Structure formats: structure tokens, C-alpha cells
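Residues per chain are reported as follows:
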Amino acid sequence: MNEYDEKWEERINALLDGELSPDDADLLKAEATDDGELARAIIEAYQLQQAMDTLSVERAPDSLRKKLRAIPAEQKPNPFFAIFQPRWAAAFASVPLVIIALTLIQPDTPTERELAQAREEMAIAFAYLDRAGVITGRQIESKVGQTMADAVTGSVNKAIQSHNLTSKENEV
Amino acid sequence: MSKKYRQWVKAYQDQAWTVARYILKDAQEAEDATQEAFVKLWNNRDNIDPEKIKPWLMRVTRNGCLDRLRRRRENVEFDESHMAGESSGPMQDLAATETGAWLKRAIGGLKEPYRSLVVLRDVNQHSYEEVAGMLELNLAQVKTYLHRARKQLREQLSEVRP
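Only a predicted model underlies this, so the values are computations on that prediction, with no experimental measurement involved.

With that settled, consider the overall build of chain A. Looking only at helices and strands, chain A has eight helices and zero strands in total. Starting at the N terminus and walking to the C terminus, you meet the elements of chain A as α-α-α-α-α-α-α-α. The buried share of chain A, reckoned over its 172 residues, is 10%. Long-range pairs, those at least 24 residues apart, make up 37% of the contacts in chain A between residues at least 6 apart in sequence.

In C-alpha cells form, the structure reads like this:
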């Protein structure tokens, strides 16, 4: 289709669509009287339009109408699988995070067993310190004298006594 | 929302069916394609501008049909007689002598997007602007393609008419 054809087609279609002004329509018809090919194109276009008018929107079959009406009921999400919907999935995914956060936020409340174990470990540590204090005292005594040795061993003994007292209070 | 959907079905089911029928030329496939388009409409009902339901639905119906045509071409086992449903049998031959039946076949024989343009504009009587929206073309393209499509039909019509 060349440019000339395109121009014709545009004007013929505009004529059929009623979009051509009366003056332009008259001009086209006048041209057609001198141009047999244009005249034939216009006549054929009218014939096609008449044929097109016999076609109309087809009625959808009843089987399809029924199927289309049933779509909302059929597309309802299955309650079992609804649990995997994005909102629920997000909620479930957040559960471990909440647990971790609560664990981190909550104050540490040790169990009785943990307390007993801690006390035992403390006793061992202080016994070690007691021995270490005595040894250190001896070393200091040999180096700088009795006064400094008493200061070191004294502070260790005080700490051990204080711990023993607290443990007894807790046990009571 | 279900009430709105029912209104859309009532308003557009025949138009969508006609588009599918012309493009696919097979009643069962056209029915399936129309149903698929409405399922998509239902599933996307909250995301579509209510003012643009019709162009959206026609576009989705057409695209679904074109996908089916592509799959058909890929399927070498496809039975061609299945496609020519309207032209087989004595009753169909009789109907084919009538202009309307002939024209349906001629429209069905057009290439895309000419076929969709003729169906949407000349059969379904959508405005040029609506057709442009449905096919995602500009107005000038719609008019030009439609002129070409009509010219092809006119030439075919002149061949069969005395």
C-alpha cells in the first residue's frame, strides 16, 4: 500500500465513520466521479460496512455464563492453604524473632541448679584465692615484710568470709 | 466486590467471548480463554482502575487468545480440521454462502493486529480511543492498521461478489 492508497483509505474510512466534514465529503465524491478506481473503492467500502453491520456481538454460551458466575466461589482461598498466605507467613516468620528478642530483653533468672553450681564454683575459686593469697603473702613477706603480706592476705580472707556469709544467708 | 464482579460479567461476557471466538475460531478454546480472562479479572479486581475494566479485560482476553495461537503453532500434532470448525459440513457450506458467514471467515483469516482491530472496532463497536487503550496502540496506529485491514477485506469481498 503506497502513500496515495493510505490517503485514500484515510478519507474513505473517515467518510464511512461520519468523521469527514460535508465539504470534504463532497470533494471526495467529486474526485470519485473523475477517478473510477476511487469510486470503486468507495462503493466497496460501503458494501463492506453493510456486511459488517450484519455481524454483531455474539451471545456467550450458557455453559460459559455459568462458569463465569462461579469464579468468585471457585477462587476462594482454601482455609488450609490460607495459612501460607503472605500475611500469615510473615506472622509465622516473626515468631522466632520475637522469642529471641524476649530472651535477650528478659532479666537472667537462673534456676536453683544453676545457683548451686555457681556457689560451688565460687567456693572453689575462693579456696584457690585463699591458697594463692597465702603463697603470695609468703612471697611478699620475704620481699617487703609482714605488713604488706597481711594487707594482701587480709583482703582475700575478708572476701572469702563475706562470700561464705552471703551463701549461708541465701541457704536460710 | 462480588456484586461488582457480577456486573462486569453481565456487561462484558459477550464482548470478551466474541473477541475470543473470532481470534481462536474454536468454541471450546474460546470458552476457556474467556474464562481465564475473567479469573484474572477476579484475582486482580482490587488492582484495576474501575474505569478501565473493559479495556483491561479485552486486552487480557486478546493476549490470552494470542498465547493460545502461539502454543497451537508450536504443537505440530495440532489437528488443522479443529480450527476450520465453521467451514466443515453441509450446513456450514450453506452458511458460508451468506455474506455474514463469509465475512466472519475473512476476518478470522486476517493477521494480528488487524483481526483484533476489526473485531473490537467493527464487530464489538468500541470507539477508536477504547481500541487504542485495549491494544496499547496510539490513535493514529489504530486508524492506519484498521484502514489496511478493511482494505484487505474489501478486496476479498470484491473477489467473491459478482
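The structure having been displayed, the exposition proceeds.
For the rest of this paragraph, the subject is helix 1 (residues 2-24) of chain B. Taken as a whole, helix 1 of chain B carries its principal kink of about 50° at Tyr12 of chain B. Count one or two residues on from helix 1 of chain B and you reach Lys25 of chain B, which has phi positive near 60°.

This part takes up the packing of helix 3 (residues 53-74) of chain B against helix 8 (residues 128-135) of chain B. Residues and elements named next belong to chain B. Following both chains from N to C, one finds helix 3 and helix 8 inclined at 50°, their axes separated by 8 Å at the closest point. Taken as axis vectors, helix 3 and helix 8 run oblique relative to one another. Handedness of the crossing formed by helix 3 with helix 8: right-handed. The segment helix 3 lies against helix 8, with Pro55, Met58 and Arg59 engaging Glu130, Gly133, Met134 and Leu135. By residue class, the composition of the contact of helix 3 with helix 8 is four nonpolar, one polar and two charged.

Moving on, we come to the interface of chain A and chain B. In this complex, chain A contributes 26 residues to the contact, which on the side of chain B involves 31 residues. Residue assignment for the side of chain A that touches chain B shows that the elements contributing at least two residues are helix 1 (3-17), helix 3 (36-54) and helix 4 (62-74) of chain A. The biggest single contributor to the side of chain A that touches chain B is helix 4 of chain A, with eight residues. Taken together, the residues of the side of chain A that touches chain B break down into 13 nonpolar, five polar and eight charged.

The rules behind each value
- Residues numbered from 1 in each chain as written.
- Chains lettered and ligands numbered in written order.
- Predicted model: local features only at pLDDT ≥ 70, side-chain atom pairs only at ≥ 80, totals over all residues.
- Helix = DSSP H or I, 4+ residues; strand = E, 2+ residues; numbered from the N terminus.
- Buried ≥ 20, exposed ≤ 12 C-beta atoms within 10 Å, placed from the backbone.
- Contact = placed C-beta atoms within 7 Å.
- Bend = angle between axes of the 7 residues up to and from the residue.
- Axes fitted to C-alpha atoms, helices over the stretch in contact; angles between N-to-C directions.
- Parallel < 35°, antiparallel > 145°, perpendicular 65-115°, else oblique.
- Left-handed = near helix turned anticlockwise from the far one by under 90°.
- Nonpolar A, V, L, I, M, F, W, Y, C, P; charged D, E, K, R; others polar.

Keep in mind these numbers describe shape, not what the thing actually does.
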